[in-house]
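Single-letter residue listing:
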Amino acid sequence: MTRDTDVDVVIVGAGYVGIYAVHRLRDQLGLSVLAFDSAGDVGGTWYWNQYPGARCDIESVHYSYSFSEELQREWRWSERYAAQPEILAYLNHVADRFDVRRSMRFRTRITSIVWDDDAVHWRVGTDDGAVTTARFVMSGAGNVSLPKKPEFPGMEDFRGEVYATHRWPHEGADLRGKRVGVIGTGASGIQLIPVIAGEVEHLTVFQRTPNYASPLRNRPLTDDEYDEVVANYRDIRTAARQNFMGITADPARPSAKGASEEERREVYDHYYQRGGFHLLISSYQDLLFDPESNETLAQYVRDRIAERVEDPAVAELLSPTDHPYGTKRVPMETNYYETFNRDNVTLVDVRSAPIERVTETGIRVGGTDHELDVIVSAMGFDAFTGALLDMGVVGRGGLSLREKWADGPRTYLGIAAQGFPNFFMITGPQSAVALYNNPSAIEDHVEFASDAIKHTLDHGLDTIEATSDAESGWVRTVEEMAQTSLFPRARSWYMGANIPGKPISPMLYLGGAPAYRQICADVVEGGYHGFDLSSTSALVG
Ligand code: NAP
């Protein structure tokens, strides 16, 4: 049955964005809101990615909301890096605490978001046949939520079981005693592989590009440690927000290539031992910008792989040489390399000979059939733009977002796009995301967008829309910044290069979180500089 509902704001998604956006817009600004998610409950990426070993690579004390001091005080993380079930439990707790579910529709997929210029609102269609009209749309559709399409012929012929990390069955999958093949060695595959290797009969890992996986060093958090975090949370959050990635880190030394070999070894040893992103962000400042400096760290990690993997030929296959360290998101690992020392694990190089096809009984590579009972796909996502383009967004004059972005995303601040009034992308393409701790980035963006909505309404205006000039300027800034970095040297989802046919273009602002926050603050300070604020009768700003 079709029904029309009118709300002030439609929110896309019920993950970190949707939960906070409902609270902020409904409870703090008094607006009517409705959020949609195709999932059965809150959680976003943490609802879907329930594969064995799924865990966050950002420390749990940072990978959480900071908007409520009470929430911060009452939640207790059990590990340094939280596993998926604990993050999902946290998001359920937040959803209960702020009673957001009553403003959410689950198992409901958005199929169209169309701007009506006459009515000055968006018409949001959903797969239950309903239409919701909204003055504003805030999208938290997710940057790594739309999976990459399977690329191999014969998938439908396979007689065994097929799973994907991004849609792991919530009831689990019994892999015991089975011959399992995993395609993909990004963050998801690298977390899954060591966890399942011990229970399967045989594990075949199909690797196209090796990664500089670096140790996570997860461990339980003691009560004393956590009490100290809670006591100092305000300072911790302040320090984190001043850091490039939005987490606390040591002040990095200026240049890796300027340091002596002994010093570098000491520094890299220290941060390899400390774990997580510290090897990249607490060691040297020029690693993402200077190829020689970067190579010192790349070689350091290759040396560690050679130490940890017994068979030199396998170690070499696991050692990346085609891209600089950190230009693909570094997967964080626990016992990943040691997994290849097991008798029941085989590494298959699908770079020199790509996967030809899936057969009834396995996967064929370079004329050799690998017999399997189970195929697991961990092949990544159509990141940043995929989920946004999948929703059928059509702006002013009937121009679709897909048409507008045919040559790559064009945004202002990664939050807004010219021709799409009252439409806010939370952590959208070209924002300071992916390298910026997601919950902090999300809080920043939701606050920016909800303040912009409030500003528009408080001034009796109808629309707020990025100007063409501001958008062009931002696209230039993002591109210039990418060119000064090493990121264009990798075929990564940061550059849109992991999806065949997708235009290659920088998907993130690389100036770091503090610079980005300052730019956004200046835009607000300047009366929403770069935006046209208008009423249906008069152009104001
Ligand atoms: P990903 O990093 O894009 O990795 C996909 C893997 O599949 C790559 O190894 C890729 O090889 C391979 N692949 C793709 N198409 C292939 C083909 N046709 N033949 C053979 N191999 C193919 O995806 P992901 O591992 O799902 O991770 C995506 C992002 O999600 C992460 O970078 C991270 O931001 C987030 N994530 C985070 C965590 C965490 O917090 N720890 C965990 C999981 C995911 P190529 O490199 O050659 O393309």
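The coordinates are above.
About the thresholds
The numbers attached to residues start from 1 for each chain and follow its sequence in the written order. Given that this is a predicted model, residues contribute local features only at a pLDDT of at least 70 and side-chain atom pairs are listed and counted only at 80 or more, while totals for whole chains, interfaces and linings are drawn from all residues. Only hydrogens and water are set aside when side-chain values are computed; all heavy atoms of the structure are taken into account. For two strands to count as paired, DSSP must find a minimum of two bridges between them. Runs of E in the DSSP output that reach at least two residues are strands. Runs of H or I that reach at least four are helices, and both are numbered from the N terminus. All axes here are fitted lines through C-alpha atoms, helices being fitted over the stretch that makes contact, and every angle between N-to-C directions spans 0 to 180 degrees. Here's how the labels work: a residue is buried when its accessible area is under 20% of the maximum for its type, exposed when over 50%, partly exposed in between, all with a 1.4 Å probe on protein chains only. We call a residue near a molecule or strand whenever a single non-hydrogen atom of that residue lies within 4 Å of it. The term polar contact refers here to a pair of N or O atoms within 3.5 Å; inside protein, the definition further demands a hydrogen-donor-capable atom paired with an acceptor-capable atom, and it admits residues adjacent in sequence only when both atoms are side-chain atoms. Here the accessible surface of atoms and residues is derived via Shrake-Rupley with a 1.4 Å probe, and residues count as covered only by protein chains that are part of the display. Polar here means any residue other than Ala, Val, Leu, Ile, Met, Phe, Trp, Tyr, Cys and Pro, which are nonpolar, and Asp, Glu, Lys and Arg, which are charged; Gly is therefore polar. Here is the rule for handedness: rotate from the far helix to the near one, and if that takes an anticlockwise turn smaller than a right angle the crossing is left-handed, while a clockwise turn gives right-handed. Contact between two residues is taken to exist if any of their heavy atoms lie within 4.5 Å; hydrogens are not considered. Two rings from Phe, Tyr or Trp (for Trp, the six-membered ring) form a pair when their centres sit within 6.5 Å of each other. Planes less than 30 degrees apart are called stacked, planes more than 60 degrees apart edge-to-face, and all others tilted. Whether a charge sits over a ring comes down to the Lys NZ or Arg CZ being within 6 Å of the ring centre and within 35 degrees of the ring normal. Comment on the angle field: the value is read as roughly parallel under 35 degrees, roughly antiparallel over 145, roughly perpendicular from 65 to 115, and oblique elsewhere. Helices are assigned an expected span. That span is 1.5 Å times one less than the residue count. Note: the arc covers the axis-to-C-beta directions of the helix.

**Regarding the sheet that holds strand β13 (residues 355–358)**
So, point 1. With antiparallel pairing, the three strands of this open sheet are ordered in space as β13-β14-β15. The two strands at the open ends of the sheet, each matched to only one other strand, are β13 and β15 (368–371). Each adjacent strand pair in this sheet contributes to an overall mean axis angle of 25 degrees, direction not counted.
So, point 2. Here strand β14 (residues 362–365) runs beside β15; their pairing, made up of four bridges, is antiparallel. Its bridge partner lying in β15, G362 is registered against E371.

**Concerning the pairing of strand β6 (residues 131–139)**
Working note: regular strand, side chains alternate between the two faces of the sheet.
So, point 1. Counted residue by residue, β6 has eight buried out of nine residues, so it is predominantly covered.
So, point 2. Looking at chain direction, strand β5 (residues 121–126) and β6 are connected through four bridges and run antiparallel. Along β6, the bridge assignment pairs R123 with T133.
So, point 3. Between the antiparallel neighbours β5 and β6 lie four residues, among them G129 with a positive phi of about 90 degrees.

**Remarks on the site of the ligand**
So, point 1. Neighbouring residues of the ligand: 26 residues in total, closest K148, E151, S188, T209 and K328.
So, point 2. One of the backbone N or O atoms of G186 is found 3.5 Å from an oxygen atom in the ligand.
So, point 3. Interatomic distance of 3.2 Å between a side-chain N/O atom of W493 and an oxygen atom of the ligand.
So, point 4. Out of a free accessible area of 900 Å², the ligand has 89% covered by protein chains.
So, point 5. By residue number, the principal contributor to the shell around the ligand is helix α5 (residues 187–197), which donates three residues.
So, point 6. Grouping the amino acids of the shell around the ligand by side-chain chemistry returns eleven nonpolar, seven polar and eight charged.

**Points about the sheet that holds strand β16 (residues 374–377)**
So, point 1. Pairing in this open sheet of five strands is parallel, and the strands run β7-β16-β8-β9-β12 from one edge to the other. Whereas interior strands pair on both sides, the edge strands pair on one side only; in this sheet they are β7 (161–164) and β12 (345–349). Ignoring strand direction, the axes of neighbouring strands in this sheet form an average angle of 20 degrees.
So, point 2. Of the pairings in the sheet, the one linking strand β8 (residues 179–183) to β16 comprises four bridges and is parallel in character. Bridge pairing in β16 places G181 opposite I375.

**Re the packing of helix α1 (residues 16–28) against helix α15 (residues 438–458)**
So, point 1. Put simply, α1 and α15 touch, their axes get as near as 10 Å, and they point 35 degrees apart. Crossing of α1 against α15: the hand is right-handed. Residues Y16, V17, Y20, A21, R24 and L25 of α1 form the contact with α15, whose own contacting residues are P439, I442, E443, V446, E447, S450, D451 and I453.
So, point 2. The residue makeup of the contact of α1 with α15, split by class, is nine nonpolar, one polar and four charged.

**Considering the packing of aromatic side chains**
So, point 1. For the coordinates displayed, the defined rule picks out 32 aromatic pairs.
So, point 2. Centroid distance Y16 to Y63: 5.2 Å. Interplanar angle 75 degrees. Geometry classified as edge-to-face. Of the two residues, Y16 is situated in helix α1 and Y63 in the loop between α2 (45–48) and α3 (69–74); the sequence distance between them amounts to 47 residues.
So, point 3. For Y16, a relative accessible area of 6% translates into the label buried.
So, point 4. For the pair F448 and F531, a centre-to-centre distance of 6.3 Å together with 40 degrees between the ring planes defines the contact as tilted. Taken as a pair, F448 in helix α15 and F531 in strand β20 (residues 531–534) lie far apart in primary sequence, 83 residues in all.
So, point 5. Its relative accessible area of 6% is what places F448 among the buried residues.
So, point 6. Each member of the aromatic cluster is reached from another via a ring pair, and the members are Y16, Y20, W46, Y63, Y65, F67, W75, W77, Y90 and F98.
So, point 7. One Lys or Arg, R167, reaches over the ring of W48 and ends 3.9 Å from the middle of that ring.

**What to know about the packing of α15 against helix α17 (residues 513–525)**
So, point 1. Their axes nearest at 11 Å, the elements α15 and α17 cross at an angle of 10 degrees. Taken together, the axes of α15 and α17 are roughly parallel relative to one another. Contacts between α15 and α17 pair D444, H445 and F448 from the former with Y516, R517, C520, V523 and V524 from the latter.
So, point 2. Here the residues of the contact of α15 with α17 sort into five nonpolar, one polar and two charged.

**Considering helix α8 (residues 261–274)**
So, point 1. Given a rise of 1.5 Å per residue, 14 residues ought to cover 20 Å, and the 20 Å separating the end C-alpha atoms of α8 matches this to within 8%.
So, point 2. Buried residues of α8: R264, V267, Y268, Y271 and Y272, and no others. Taken around the axis of α8, the buried residues stretch over an arc of 130 degrees, which confines them to a single face. Away from its buried face, by an angle of more than 90 degrees, α8 presents the exposed residues E262, E266 and Q273.
So, point 3. Close packing links the buried residues of α8 with β10 (214–215), α9 (278–281) and α10 (291–308).
So, point 4. With its phi angle positive at about 95 degrees, G275 sits one or two positions after the end of α8.

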